Amino acid sequence: MKAICRVAKIKGSGSITGKSEHNYRVGQVPNADPERKHLNHEYVLNYENLGKAIEGRIHNAGIHKVRQDAVKGMEFILTASPEMFKRDQNGQVIGDYQKSDWVKANLEFMKQRYGPNLVAFTLHQDEKTPHIHAVVVPITPDKRLCAKELFTPKTLRQLQTDYAQAMKPFGLERGIEGSRAKHVEMKHVYGLQQQERKAIERELAPIQQSQPPLQIQQPGMLDLLNLERWKREQEAKINAEYSRRLAEVQKAAEKAQNAAIANITAKEQGKVLQQRLETSEQLKRANHEKSQQSSQQLTKASQTIEKIAVLIDENRLNPEWSQQQAQQVRERVLPQLERDIIKSVQTIKTTDLQQADQHLRQSLEKLGYEFKQTPAGKISTMVEPTSQVQLNLTSSKFDGKSLRDLVNHRLEQVKQEELKPKIQHRRGLGM
């Protein structure tokens, strides 16, 4: 779940009046439920309306001249991913958040960060998701009205990080830092431009449902040697693809909901959002049905192969067929096993037998081989994991020698190599 913090400029008396009418429900407000209006609450405002609160803060700061195009306020919308709030079967939020720890934490965060510049802090619970409208007058420590100095790209990035940290106790986290995704600018419904409406509609356009059906691969000849592993691999692939598709749907739905929160007063957006969510639910159901069908196909294929294996074991199919295939695999894999063993033996650099055995095993394990031990704890068999071809290390021959003879021969070579410098030294002394 994400901690959501949106910031937008407030310029001009018309914009300030519109914000005030919306925040304090003067007249009819789109997307608001009149029966839940009593759940809204103001925590900071000490004036008749938002306009007077902003002008009062500017006057108290000793600022007498304000440019006509100056940014007089910054509006924050503070909320969280919709799933944070418990809901009933109709999707209505359960309970009253007026005295909740979540609202208290938001209020404390804004007071500590902006002090007396925070002139309004309004909780709305009459819309689909609880959220807070906070208004900050951008006055610098040296008593200047300057939004571009206080709200730079750097300070806004830090704001997102600090806000997420403050919301961490509620299970919320920051969005992806450095993401190029742009949040739609917050505009009041009365001043919403046609161009912005079209941009929002394009952003929330229903996602395509042209997903290919989930399918399983037919087992190869090597897969018959390890049916259980083949089955697990196919199940893992299907589950991974199914999870990926569901993640895309959930991400798209969350993006649409976040955009709606950022523009909570835009009635047109609510319609597009509803269409987007309905499409997401349809795609979830379609993917679930496809996954079930693929799972059934996988089960049938696995059962068929298991039946074939049973028939072979019971000699009810031609045993020469299975023996021939197995022999072909062994003839292809065994020479490589033998070459790898001989090469590994040649890398031994010690005369100690126990260390030599340990080195040989580690060298072969790095190549991907596995080993089986006897009940007494001695290594008896080496296994090639892909084909499951096994090589008996006790009875097998390598260039006509047993593995023990190969190792002993290598130990003797190492010993002779260690003695060469001593022999040469003695010859040099005339001994």
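It should be emphasised that the depicted structure is a prediction, and the values quoted were computed from it without experimental measurement. (Residues numbered from 1 in each chain as written. Predicted model: local features only at pLDDT ≥ 70, side-chain atom pairs only at ≥ 80, totals over all residues. Heavy atoms only, no water.)

A short note on the overall build of the chain
- A tally of helices and strands in the chain yields eleven helices and ten strands.
- Of all 431 residues assigned to the chain, the portion counted as buried reaches 39%.
- Sequence separation of 24 or more characterises 71% of the internal contacts of the chain that already satisfy a separation of 6 or more.
- About 26100 Å² of surface is accessible on the chain, with carbon and sulfur atoms providing 49% of the total. (Helix = DSSP H or I, 4+ residues; strand = E, 2+ residues; numbered from the N terminus. Buried < 20%, exposed > 50% of the residue type's maximum accessible area, 1.4 Å probe, protein only. Contact = heavy atoms within 4.5 Å. Areas by Shrake-Rupley, 256 points an atom, 1.4 Å probe, with all protein chains shown as cover.)

A word on the sheet that holds strand β6 (residues 370–373)
- Across the sheet, which stays open at both edges, the three strands sit in the order β6-β7-β8 with antiparallel pairing between neighbours. Each end of this open sheet is capped by a strand with a single partner; those strands are β6 and β8 (389–392). In this sheet, adjacent strand axes meet at a mean angle of 30° when their direction is disregarded.
- Sheet analysis places β6 next to strand β7 (residues 379–384), joined by four bridges and oriented antiparallel. Directly across from K372, in β7, lies its bridge partner T381.
- The sheet contacts of helix α10 (residues 353–366) involve β6 and β7, and relative to β6 the element is tilted by about 135°. (Pairing = 2+ DSSP bridges. Axes fitted to C-alpha atoms, helices over the stretch in contact; angles between N-to-C directions.)

A closer look at the confidence of the model for the chain
- Scored by pLDDT, the chain has a mean of 76; 68% of the residues are at 70 or more.
- Taken as a whole, residues 180–194 scores under 50 in pLDDT and shows 31 contacts with residues more than four places along the chain or in a different chain.
- Contacts for the low-pLDDT stretch residues 264–268, under 50 throughout, to residues beyond four places or in other chains number 18 contacts. (pLDDT = per-residue confidence, 0-100.)

Here we look at the pattern of salt bridges
- Tallying each qualifying case throughout the model produces 13 salt bridges.
- Taking the shortest distance from any N to any O, the salt bridge between R25 and E127 comes out at 2.7 Å. Of the two residues, R25 is situated in the loop between α1 (12–23) and β2 (41–42) and E127 in the loop between β4 (118–124) and β5 (131–136); the sequence distance between them amounts to 102 residues.
- Here R25 falls in the buried class, since its relative accessible area comes to 7%.
- On the accessibility criterion, E127 (4% relative accessible area) is buried. (Salt bridge = Lys/Arg side-chain N within 4 Å of Asp/Glu carboxyl O.)

Looking at the environment of H133
- Turning to its location among the elements, H133 is positioned in strand β5.
- Put simply, H133 and L78 are 55 residues apart on the chain and 6.7 Å apart in space, counted from C-alpha to C-alpha.
- Within the local environment of H133, its side chain forms a polar contact with the side chain of H124, the two groups lying 3.5 Å apart.
- Side chain to side chain, H133 and H131 meet in a polar contact 3.3 Å long. (Polar contact = N/O pair within 3.5 Å; in protein donor to acceptor, adjacent residues only side chain to side chain.)

Looking at the packing of α1 against helix α2 (residues 50–60)
- With their axes 8 Å apart at the nearest point, α1 and α2 run at an angle of 125° to one another. Considered as vectors, α1 and α2 are oriented oblique to each other. On the side of α1, the interface is formed by I16, K19, S20 and N23, while α2 contributes L50, G51 and I54.
- Within the contact of α1 with α2, the residues separate by chemical class into three nonpolar, three polar and one charged. (Parallel < 35°, antiparallel > 145°, perpendicular 65-115°, else oblique. Nonpolar A, V, L, I, M, F, W, Y, C, P; charged D, E, K, R; others polar.)

Examining the pairing of β5
- Most of β5 is tucked away: six of the six residues are buried.
- By the alternation rule, side chains of β5 split into H131, H133 and V135 and I132, A134 and V136, which are all buried.
- As judged from the five bridges shared by strand β3 (residues 71–80) and β5, these two strands associate in the antiparallel manner. Directly across from M74, in β5, lies its bridge partner V136.
- In this sheet, β5 lies alongside β4 in antiparallel orientation, the contact comprising six bridges. Residue pairing across strands places L123 opposite I132, the latter belonging to β5.
- Connecting β4 to the next strand, β5, in antiparallel fashion are six residues.

Quick notes on unusual backbone geometry
- For R25, which is not a glycine, the phi torsion comes out positive at approximately 55°.
- Of note, the phi angle at K143 is positive, near 65°, even though the residue is not glycine.
- With respect to the helices, strands and loops of the structure, K143 is situated in the loop between β5 and α4 (147–150).

Examining the sheet that holds β2
- On the basis of which strands lie adjacent, the open sheet formed by five strands has the order β1-β3-β5-β4-β2 and antiparallel pairing. Across the chains shown, the open sheet's two edge strands, defined by having one partner strand only, are β1 (3–11) and β2.
- Across nine bridges, β1 lies against β3 in antiparallel orientation. The partner of A3 across the bridge, within β3, is A80.
- Sheet strands in contact with α1 are β1, β3, β4 and β5, and its direction is about 140° off that of β1.
- Across the sheet, helix α3 (residues 101–114) touches β3, β4 and β5, and the angle it forms with β4 is around 165°.

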